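Architecture and fold: a report
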Amino acid sequence: MNHRGREKTGEPKKPAGKPLESQGQPPDVVGIGGKMVSVDKMLREKLGDSNYEKLKALKNAVLENWLAKYIAHCNPDSVFICGDSKEDREHVRRMALEKKEETPLATKGHTIHYDGVQDQGRDKEVTKYLLAEGVEMKGLNTIGKKEGLEEMHGLMKDAMKGRTMIVSFANLGPTNSRFAIPGVEITDSWYVVDSVKYLYREGYEQFKSLKGSGDFFKVVHCTGEVNERGCSSSPDKKRIYMDLNDNTVYSVNTQYAGNTVAFKKLSLRLAISKASKEGWLAEHMLVMGVKGPGGRKTYFLGAFPSFCGKTSTAMIPGESILGDDLAYLKVVGGRVMAANVEKGIFGVIKDVNPNDDPLIWKLLTEEGDVIFSNVAVDAQNLPRWLGDKRPLPAKASNHLGAWTPEDTDAEGKKRPICHQNARYTVELHRLGNVDSELENPNGVEPKVILYGGRDEDTTVPVEQAFDWAHGVATKGAIVESVTTAAIVGQAGVRVMDPFANKDFISIPIGRYVGNHLKFVKGVAKPPQIFSVNYFLKSRGGEDLTDKTDKKVWLKWAELRVHGDVGALETPTGCIPKYEDLKRLFKENLGKDFSKEKYDELFTVRIPELLAKLDRGVKMFKELPETPKEFFELLEEQRQKLERLKAKKGDYVIPDELHSADWKQ
Ligand code: SPV
Ligand code: MN
């Protein structure tokens, strides 16, 4: 039953005794499972004067009813309405420490938070969409709404007893902008609210502009049962459910931020559904500025699956960052504009080291606010992580407890110092390279969109698509990557991850592809699409590139969109000329770039490219609503590759490329 948008009118109706999910809701009584309570009485009692005033100042009956319903059901000892003020921010931080959800580390401002042993990543298996009766969502993990809500509410019953419910407000997108979506999360975790404060723009004052409307994202999170470390301790009862119709997320028996800071990936699913109805795009993309000649700055977007270099791309030294994870894209006045949904980073810490990531390294080792999660802590109370390029400490502790370098697991393998998916949370403004336009309510105009995955054998390091539609179909829609530790489960399996967004696409993927194709209608100069691949190996399996080489691929794309460099045409797009890369490697990295390396990196690997196209066609054939145009574009590419193969064999170096070989 959708009760949003109701106003208080007249006398309260007598409760009917039936669960709210199945009956009309009287305006000022609330309850789940038959228990009915007066909203105002409940709020006055639980909130106390100052919190009650704070809530009332928002003048939003939808919010009040919803809140009262979960206060009655989750039964917290008290409720804290968290506003935008510095005092509230500090209170949250203090409480996170007092309740030991975070512990101070040696460096001022640094804290560590641990998640449960089986709560170290997003959990796909228990993350489901609540489905209204008669609705089907093919290929997505779903549960009937009635059954799902009953289960969820069963797990949430009295779950906040002895704890405080915190109500926090966030703004997805820059404040006072056309991108902004208001969100409210109720949770009993101070760590979750602390993370929200790091990652999102303040939303309490902005919430007033809703003027009573129920058009906001809602999140209910309960930590659930905890162990002696304060971590959720019932992974078998972990559930994360989303209701696209009500724009609501429910999460229980988990603390991992990807499952609980619901304005991240859980709200991305809500946003994708909303965007599809409204004609814009919600993407798993970085936003950054790349410098060109003469002080020019070109904005880039980049979609990469988790763990595939998205954050380190956004942080390339010398360039500027607006965001590392989520972007909203809208067409405004015939131009594509984009904004970061967030104002902070929840980044993978593995392999962050002073050489490859000097900016993040500095931030993580100097004084200032950082939440580390699931890293190890050494005897000096300093955080340590995989790939930090420091000698291992003699002992440390991690999410499993005490650790020494000699420790082995059940199979006799060395136990790593910490979990692969250990992370850090920081605010973007602390970075020396934050872009001046981060808070621009109009967003920025991207000229380049990058798509990349963890691909060891198929695509070249950088390649420009022929045009928007070609890029959408052959670069975005068929991104492939091997699975990583960001998700609980098996790592190392090759999967197709359309637009690096597959896990979050909450509408039929075919429709989503169609939305992308249509998106730039009426846009005179849409962004140009490039594929990038940081993981390509030689055909003998050796690494071919360094982590820092990505800067050169981006610099080339920057020059290319301004027409400052030429390119070689291949059947799959346009690749750099050797001379240009040689110069860019020297100028940007002081490195010599050999012709042999170039030939190896930019060889057109026809069997692998054809196999990838086949996998793409096979996958999309099984998905509803995929536009005909998509299949046509893939077929055209396949034919070009076949023709080149017939002329030149399976592997063709750039010097051997002549478009007459594949053009009819
Ligand atoms: C990712 O895994 O892509 C992340 C972290 O950005 S999470 O919030 O878990 O999605
Ligand atoms: Mn991400």
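All residue numbers refer to position in the chain's written sequence, counted from 1. Each chain gets a letter, beginning with A, and each ligand a number, beginning with 1, in the order they are written. Only residues with pLDDT of at least 70 are given local features in this predicted model, and only at 80 or more are side-chain atom pairs given and counted; all residues enter the totals for whole chains, interfaces and linings. Side-chain measures here rest on the full set of heavy atoms in the structure, leaving out hydrogens and waters.

**Regarding the overall build of the chain**
Along its length, the chain carries 17 helices and 35 strands. In this setup the radius of gyration rests on C-alpha atoms only. A globule is expected at 2.2 Å times the number of residues raised to 0.38. A globule of 664 residues ought to have a C-alpha radius of gyration of about 26 Å, and the chain, at 26 Å, matches this closely. Over its C-alpha atoms, taken along the principal directions, the chain stretches across nearly 80 × 60 × 50 Å. Accessibility throughout is a Shrake-Rupley quantity obtained with a 1.4 Å probe, and a residue counts as covered only by protein chains that appear here. When the accessible area of the chain is evaluated, it comes to approximately 25600 Å², of which 49% is carbon and sulfur surface. For the charge count, each Lys or Arg is scored as positive and each Asp or Glu as negative, with His and the chain ends excluded. Note that the charge is assigned to NZ on lysines, CZ on arginines, CG on aspartates and CD on glutamates. Side chains of the chain give 99 positive and 96 negative charges; the mean places of these two sets differ by 2 Å. A helix here means a DSSP run of H or I that spans at least four residues, while a strand means a run of E at least two residues long, and both kinds are numbered starting from the N terminus.

**Here we look at the layout of surface pockets**
Take a probe with the size of a water molecule and roll it over the atoms, and the empty space left behind shows itself. In this structure, the largest pocket spans a volume of roughly 980 Å³. Here the term cavity refers to a set of points on a 1 Å grid, laid over the protein atoms alone, in which a 1.4 Å probe fits but cannot get out; the term pocket refers to an open set having protein on both sides within 12 Å along at least five of seven lines, with lining residues being those that place an atom within 4 Å of a point. What lines the largest pocket is a set of 48 residues, among which Phe307, Cys308, Gly309, Arg454 and Phe535 lie closest to the centre. When residues of the lining of the largest pocket are traced back to their parent elements, those giving at least two are helix H9 (310-314), strand E20 (344-348) and strand E26 (423-427). Taken together, the residues of the lining of the largest pocket break down into 17 nonpolar, 12 polar and 19 charged. Grid points are joined across faces, edges and corners, and a volume is the space filled by probe spheres set on the points. Only Asp, Glu, Lys and Arg are considered charged in this grouping, and only Ala, Val, Leu, Ile, Met, Phe, Trp, Tyr, Cys and Pro are considered nonpolar; every other residue, Gly among them, is considered polar.

**Looking at the coordination of the manganese ion (ligand 2)**
Donor atoms: N, O and S within 2.8 Å of the metal, or within 3.2 Å for Na, K and Ca. Because water is excluded, sites can look incomplete. Protein ligation of the manganese ion (ligand 2) involves Lys265 (NZ), His284 (NE2) and Asp325 (OD), the donor distances falling in the range 2.1 to 2.3 Å. Look at where the donors of the manganese ion (ligand 2) fall in the sequence and you get K-x18-H-x40-D. Linking His284 in the loop between strand E14 (281-283) and strand E15 (285-291) with Asp325 in the loop between strand E17 (320-323) and strand E18 (327-332), this pair joins segments that are 41 residues apart in sequence. Across the pair, Asp325 and His284 agree in class, each one buried. Per-residue accessibility, obtained with a 1.4 Å probe over protein chains only, is compared with the maximum for each type, and a residue is labelled buried under 20%, exposed over 50%, and partly exposed between these values.

**What about the environment of Ala314?**
For Ala314, the position within the fold is in helix H9. The class for Ala314 is buried, based on a relative accessible area of 0%. Those residues in contact with Ala314 that sit more than four places away from it in its chain are Leu286, Met288, Ser320, Ile321, Gly323, Asp324 and Asn433. Working rule for contacts: check all heavy atoms of both residues, and any pair within 4.5 Å makes them a contact.

**A short note on the packing of helix H1 (residues 39-56) against helix H2 (residues 61-74)**
One can describe the packing of H1 onto H2 by two numbers: an axis separation of 10 Å at closest approach and a directional angle of 120°. Considering the angle they form, H1 stands oblique to H2. Considering the relative orientation of H1 and H2, their crossing is right-handed. Contacts from Val39, Met42, Leu43, Lys46, Leu47, Leu55 and Lys56 of H1 reach H2 at Leu63, Glu64, Asn65, Leu67, Ala68, Ile71 and Ala72. Along the lines of polarity and charge, the residues of the contact of H1 with H2 split into 10 nonpolar, one polar and three charged. Axis geometry follows a simple rule: fit a line to the C-alpha atoms, using only the stretch in contact for helices, then measure angles between N-to-C directions, giving values from 0 to 180 degrees. When an angle is under 35 degrees it counts as roughly parallel; over 145 it counts as roughly antiparallel; between 65 and 115 it counts as roughly perpendicular; any other value is oblique. In this scheme, a crossing is called left-handed if the near helix is turned counterclockwise away from the far one by less than a right angle; it is called right-handed if the turn is clockwise.

**Topic: the site of ligand 1**
For each residue, the test is whether any non-hydrogen atom lies within 4 Å of the molecule or strand; if one does, the residue is near. The environment of ligand 1 is formed by 11 residues, the closest being Arg122, Tyr256, Lys264, Lys265 and Ser306. In the analysis that follows, any N or O atom pair within 3.5 Å is treated as a polar contact, provided that within protein one partner can donate a hydrogen and the other can accept it, and provided that, for residues neighboring in sequence, both atoms belong to side chains. Between an oxygen atom of ligand 1 and a side-chain N or O atom of Arg122, the distance comes to 2.7 Å. A distance of 2.6 Å is found between an oxygen atom of ligand 1 and a side-chain nitrogen or oxygen belonging to Ser306. Here ligand 1, which alone exposes 280 Å², has 97% of that area covered by the protein. If you map ligand 1 onto the pockets, it falls in the largest pocket. The rule for placing a molecule in a cavity or pocket is simple: more than half of its atoms must lie within 2 Å of the grid points.

**Some words on the packing of aromatic side chains**
The relation between two aromatic rings is expressed through the spacing of the ring centres and the mutual angle of the planes. Only centres within 6.5 Å qualify two rings of Phe, Tyr or Trp (six-membered ring in Trp) as a pair; their planes then separate them into stacked at under 30 degrees, edge-to-face at over 60, and tilted for everything else. In the structure shown here, the tally under the stated rule is 26 aromatic pairs. Measuring from centroid to centroid gives 6.3 Å for Trp66 and Tyr70, while their planes differ by 65°, and the two rings are edge-to-face. With Trp66 and Tyr70 both in helix H2 and four residues apart, this pair spans about one turn of that helix. Here Trp66 matches Tyr70 in class, with each residue buried. Between Phe499 and Tyr512, the ring centres sit 5.2 Å apart and the planes meet at 80°, which makes this aromatic pair edge-to-face. Of the two residues, Phe499 sits in the loop between strand E30 (494-496) and helix H12 (509-519) while Tyr512 sits in helix H12, which places them 13 residues apart along the sequence. Residue classification places Phe499 among the buried residues on the basis of a relative accessible area of 0%. By the ring-pair criterion, three or more aromatic residues cluster together here, those being Trp66, Tyr70, Phe169, Tyr204, Phe207, Phe216 and Tyr250. The positively charged end of Lys550 is found above the aromatic ring belonging to Tyr534, 5.1 Å away from the centroid. Counted as over-ring charges are cases with an Arg CZ or a Lys NZ within 6 Å of the ring centre that also lie within 35 degrees of the ring normal.

**Some points on the sheet that holds strand E19 (residues 335-340)**
Two strands qualify as a pair provided DSSP detects at least 2 bridges between them. Pairing is antiparallel across the open sheet formed by three strands, whose spatial order is E14-E18-E19. Unpaired on one side and paired on the other, E14 and E19 mark the two borders of the sheet. Here the average twist between neighbouring strands, direction ignored, is 25°. Note: E18 against E19, six bridges, orientation antiparallel. Counted as the bridge partner of Val331 is Val336 from E19. Contacting E14 and E18, helix H8 (residues 265-278) crosses the sheet at an angle of about 160° to E14.

**Examining the sheet that holds strand E4 (residues 103-104)**
An order of E4-E5-E21-E26-E20 is seen for the five strands of this open sheet, with the pairing classed as mixed. Only two strands of the sheet have a single partner each, and these edge strands are E4 and E20. Summarising the sheet, E4 and strand E5 (residues 110-113) pair through two bridges and their orientation is antiparallel. Bridging from a neighbouring strand, Pro104 pairs with Thr111 of E5. This element, helix H10 (residues 358-365), spans E5, strand E21 (370-373) and E26 of the sheet and lies at about 85° to E26.

**Remarks on the domain arrangement of the chain**
Start and end points for every domain follow an automatic or database-based domain assignment. Considered domain by domain, the chain is made up of domain 1 (33-101 + 118-270), domain 2 (281-343 + 438-661) and domain 3 (346-429). Relative placement of domain 2 and domain 3: their C-alpha centres are 30 Å apart. Across the contact, 17 residues belong to domain 2 and 16 residues belong to domain 3. A quick way to say it: buried area is the sum, across both parts, of accessible area lost when two parts are put together, with a 1.4 Å probe. Taking both partners together, domain 2 and domain 3 bury about 1300 Å²; carbon and sulfur atoms supply 66% of that area. Here a salt bridge means any side-chain nitrogen of Lys or Arg lying within 4 Å of a carboxyl oxygen belonging to Asp or Glu. Lys547 is the partner of Asp357 in a salt bridge, and the nearest nitrogen-oxygen pair spans 3.3 Å. Listing elements by their share of the side of domain 2 that touches domain 3, those giving two or more residues are H9 and E17. Among the elements that make up the side of domain 2 that touches domain 3, the one with the highest residue count is E17 (three residues). Of the residues belonging to the side of domain 2 that touches domain 3, the class tally is nine nonpolar, five polar and three charged.

**A short note on the confidence of the model for the chain**
For the chain, the mean per-residue pLDDT works out to 93, and 95% of the residues sit at or above 70. Confidence drops under a pLDDT of 50 for residues 1-24, and excluding neighbours within four residues, the segment shows 45 contacts in the predicted structure. Residue-level confidence of the predictor is summarised by pLDDT, bounded by 0 at the bottom and 100 at the top.

**What about the pairing of strand E16 (residues 297-303)?**
Most of E16 sits out of view: six of its seven residues are buried. With antiparallel pairing between neighbouring strands as the criterion, E15 and E16 make up a hairpin whose turn holds five residues, including Gly294 at a positive phi of roughly 65°. Strand direction decides the pairing type here: E16 and strand E27 (residues 446-452), joined by five bridges, are parallel. Paired with Ala303 across the strands is Tyr451, a residue of E27.

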